[in-house]
Amino acid sequence: METVVSGIRPTGNLHLGNYFGAVKSFLQMQYEYNCYFFIADWHSLTTHPHPDNIRNSVKTILAEYLACGIDPEKATIYIQSDVREVAELYLYLNMNAGIGELMRTTSFKDKARKQLHIDAADSDGDMEKEIFNEGNKHSVSAGLLTYPTLMAADIIIHKAVKVPVGKDQEQNMEMARRFARRFNSTFGVEFFPEPASFYYSNKAVKVPGLDGSGKMGKSEGNAIYLIDDEKTIKKKVMKAVTDAGPTEPNSVKPEPIANLFTMMDIVSTKDTYDFFNEKYNNCEIRYGDMKKQLAEDINNFCAPIRERILDIRANDEYMTKVARMGAEKASESAAKTLREVREIIGFRG
Ligand code: ADP
Ligand code: TRP
């Protein structure tokens, strides 16, 4: 059976983007592959270096993974920091990772600009100047720079070949493949397979935000969470950006409207989608009605998950058991890889 690895950082509740971009694939894959799904708590330190209550944040994701339907008897669910071998592999990979290639990744550049409190539009040269500026009171951490090597370690430690992630992770995946290849070529072995991004439905999913443009995300401040109650969902959906409506039949949809339809395509039935699409094409669309329907469909989707989240969160013993079981299984696989890695490099295995 092929091995699959994926993880999500415990930086908040899961939202519809996480669900349809990643978790939905986890659910389908768990029956067909040897799956490892983890909670990337070390990774969360790259952007949240002084976590408020990291155990609590980890439990949030754990409960939500389980409530979505990841089955701990089928897939191995674990917490990244429970598997210390990941940190050792990260160290080895960092020895052969170039700071230039790491600095050129877009997610590093975006996040570094934020950490330096400089304008997103500032050039790469300006950003570098700020990084080297001794007088700057803000700095960029080495942890942020080496985010992709830690992610590569997560994946190749179980020799995974498929990684279900959203479209935004493509560059990190490219780096993971590069670091796997580099290990093999540096030591003249065919040890790590190259992991590929995997989209269950064969196309990368991007769940849009409803605030006009771009994706739904925690840091975008536009997320609809699986845990949101009916009222909150309705409020968020009714606020979605729309326009005065089309004046010509079959007009191209501007981005905010296209996003509303994309969301409906994801959570509503085909009939519902077709109904409103036709209304749009006939210039008879009433966005208020469409949003009301969308809010209802999102709530119908989230309600059972929300109930399960609350049940599972109240059962600490169960969560501890799942995490312990996962840690054992993941550590066994990781320890085996690390024994071989140490021998390949020349250390005691
Ligand atoms: P966020 O962007 O909200 O901080 P994460 O970076 O923790 O979310 O993402 C966890 C997983 O969810 C990743 O696989 C990512 O690709 C996926 N994901 C996040 N937001 C979206 C989205 N809007 N559409 C599709 N997938 C997404
Ligand atoms: N970088 C991923 C994200 O932001 C989280 C992650 C860390 C991950 N390690 C991973 C995803 C390994 C897949 C495989 O969502």
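Up top you'll find the structure we're talking about.
What you see is a predicted model, and the numbers here were worked out from it, not measured in a lab.

Draft legend 1. Structural context of the overall build of the chain. For the chain, the count of helices and strands is 15 helices and 5 strands. Relative to the compact-globule value of 20 Å for 349 residues, the chain shows a C-alpha radius of gyration of 22 Å, a close match. Taken along its principal axes, the extent of the C-alpha atoms in the chain is 70 × 50 × 40 Å. By the burial criterion, 47% of the 349 residues in the chain qualify as buried. Pairs at least 24 apart in sequence give 77% of the contacts found in the chain among residues at least 6 apart. A total accessible area of about 17,400 Å² is found for the chain, and carbon and sulfur atoms account for 48% of it. Computed over 45 positive and 49 negative side-chain charges, the inter-centroid distance for the chain is 1 Å.

Draft legend 2. How the structure looks around the pattern of salt bridges. As enumerated under the stated definition, the model contains 16 salt bridges in all. The salt bridge partner of Glu88 is Arg342, with a shortest N-O separation of 2.8 Å. Of this pair, Glu88 sits in helix H4 (residues 85-95) while Arg342 sits in helix H15 (residues 316-345), and the two are 254 residues apart along the sequence. Salt-bridge contacts for Asp228 lead to Lys236; the nearest nitrogen and oxygen are separated by 2.7 Å. Under the relative-accessibility criterion, Lys236 is labelled partly exposed at 26%.

Draft legend 3. Region of interest: the packing of aromatic side chains. Taken as a whole and judged by the stated rule, the model has 16 aromatic pairs. Relative to Tyr78, the ring of Phe38 lies with its centre 5.5 Å away and its plane at 25°, an arrangement referred to as stacked. Pair noted here: Phe38 is in strand S2 (residues 34-39) and Tyr78 is in strand S3 (residues 76-79), with a separation of 40 residues, a long-range link. Assigned by exposure class, Phe38 and Tyr78 land together as buried. Ring plane angle 75° and centroid distance 5.9 Å describe the contact between Phe261 and Tyr280, whose orientation is recorded as edge-to-face. Residue Phe261 is located in helix H12 (residues 255-267), and its partner Tyr280 is located in helix H13 (residues 270-281); the two are separated by 19 residues in the primary sequence. Of the two residues, Phe261 and Tyr280, both sit in the buried class.

Draft legend 4. The site of ligand 1, seen in detail. Around ligand 1 there are 18 residues in total, and His15, Asp168, Lys215, Met216 and Lys218 lie nearest to it. His15 places a polar side-chain atom, nitrogen or oxygen, 2.7 Å from an oxygen atom of ligand 1. Note that an oxygen atom of ligand 1 is positioned 3.1 Å from one of the side-chain N or O atoms of Asn18. For ligand 1, whose accessible area on its own is 530 Å², the fraction buried by protein is 94%. Of the residues assigned to the shell around ligand 1, the class counts are 6 nonpolar, 7 polar and 5 charged.

Draft legend 5. Expanded view of the site of ligand 2. Taken together, Ser6, Gly7, Arg9, Phe38, His43, Tyr147, Met151, Asp154, Ile155, Val163, Val165 and Gln169 form the complete shell of residues around ligand 2. Measuring from a nitrogen atom of ligand 2, one finds a side-chain N or O atom of Asp154 at 2.7 Å. Between ligand 2 and Gln169 there is a distance of 2.9 Å, counted from a nitrogen atom to a side-chain nitrogen or oxygen. In the complex, 90% of the free accessible area of ligand 2, which totals 370 Å², lies under the protein chains. Taken together, the elements giving at least two residues each to the shell around ligand 2 come down to strand S1 (3-8) and helix H9 (147-156). No other element matches H9, which puts 4 residues into the shell around ligand 2.

Draft legend 6. How the structure looks around unusual backbone geometry. For His117, which is not glycine, the phi dihedral falls at a positive 60°. As for its position among the elements, His117 is in the loop between helix H6 (106-115) and helix H7 (124-132). With phi around 55°, Asn250 is a residue other than glycine that occupies positive phi space. For Asn250, the location among the structural elements is in the loop between helix H11 (230-238) and H12.

Draft legend 7. Spotlight on the nonpolar core. By size, the foremost hydrophobic cluster in this structure holds 58 residues, and its most contacted members are Leu16, Tyr65, Leu226, Leu294 and Ile298. Broken down by element, the residue count for this core peaks at 9 residues, all from helix H14 (residues 287-313). One finds Val5, Tyr147, Ala153 and Ala176 within the second-largest nonpolar core, a separate group that totals 43 residues.

Basis of the calculations
- As a convention, each chain's residues are numbered from 1 in the sequence order in which they are written.
- Naming scheme: in the order in which they are written, chains are lettered from A and ligands are numbered from 1.
- Where local features are concerned, this predicted model is filtered to residues with pLDDT of at least 70; where side-chain atom pairs are given and counted, the filter is 80 or more; whole-chain, interface and lining totals use all residues.
- Here the side-chain values reflect all heavy atoms present in the structure, with hydrogen atoms and water set aside.
- The numbering of helices and of strands both runs from the N terminus, where a helix is a DSSP run of H or I of at least 4 residues and a strand a run of E of at least 2.
- What the globule rule says is 2.2 Å times the number of residues to the power 0.38, and the radius of gyration is computed from C-alpha atoms.
- Here the term buried applies to any residue with accessible area under 20% of the maximum for its type, exposed to any over 50%, and partly exposed to those in between, with areas from a 1.4 Å probe on protein chains only.
- Throughout, a contact is declared for two residues whenever any of their heavy atoms are within 4.5 Å.
- Only the protein chains shown count as covering a residue, and every accessible area follows the Shrake-Rupley method with a 1.4 Å probe.
- Residues counted as positive are Lys and Arg, residues counted as negative are Asp and Glu, and His and the chain ends are not counted.
- The atom standing in for a charge is NZ when the residue is Lys, CZ when it is Arg, CG when it is Asp and CD when it is Glu.
- Think of a salt bridge as a Lys or Arg side-chain nitrogen and an Asp or Glu carboxyl oxygen that are within 4 Å of each other.
- In this scheme Phe, Tyr and Trp rings, the latter by its six-membered ring, pair at centre separations within 6.5 Å, and the angle between planes marks the pair as stacked below 30 degrees, edge-to-face above 60, and tilted otherwise.
- Being near a molecule or strand, for a residue, comes down to having at least one heavy atom within 4 Å of it.
- Pairs of N or O atoms are called polar contacts if they sit within 3.5 Å, as long as, within protein, a hydrogen donor faces a hydrogen acceptor (for residues adjacent in sequence, only side-chain-to-side-chain pairs).
- Residue polarity is assigned by list, with Asp, Glu, Lys and Arg as charged and Ala, Val, Leu, Ile, Met, Phe, Trp, Tyr, Cys and Pro as nonpolar; anything else, Gly included, falls into the polar class.
- By nonpolar core is meant a set of buried Ala, Val, Leu, Ile, Met, Phe, Trp, Tyr and Cys residues that side-chain atoms within 4.5 Å join together.

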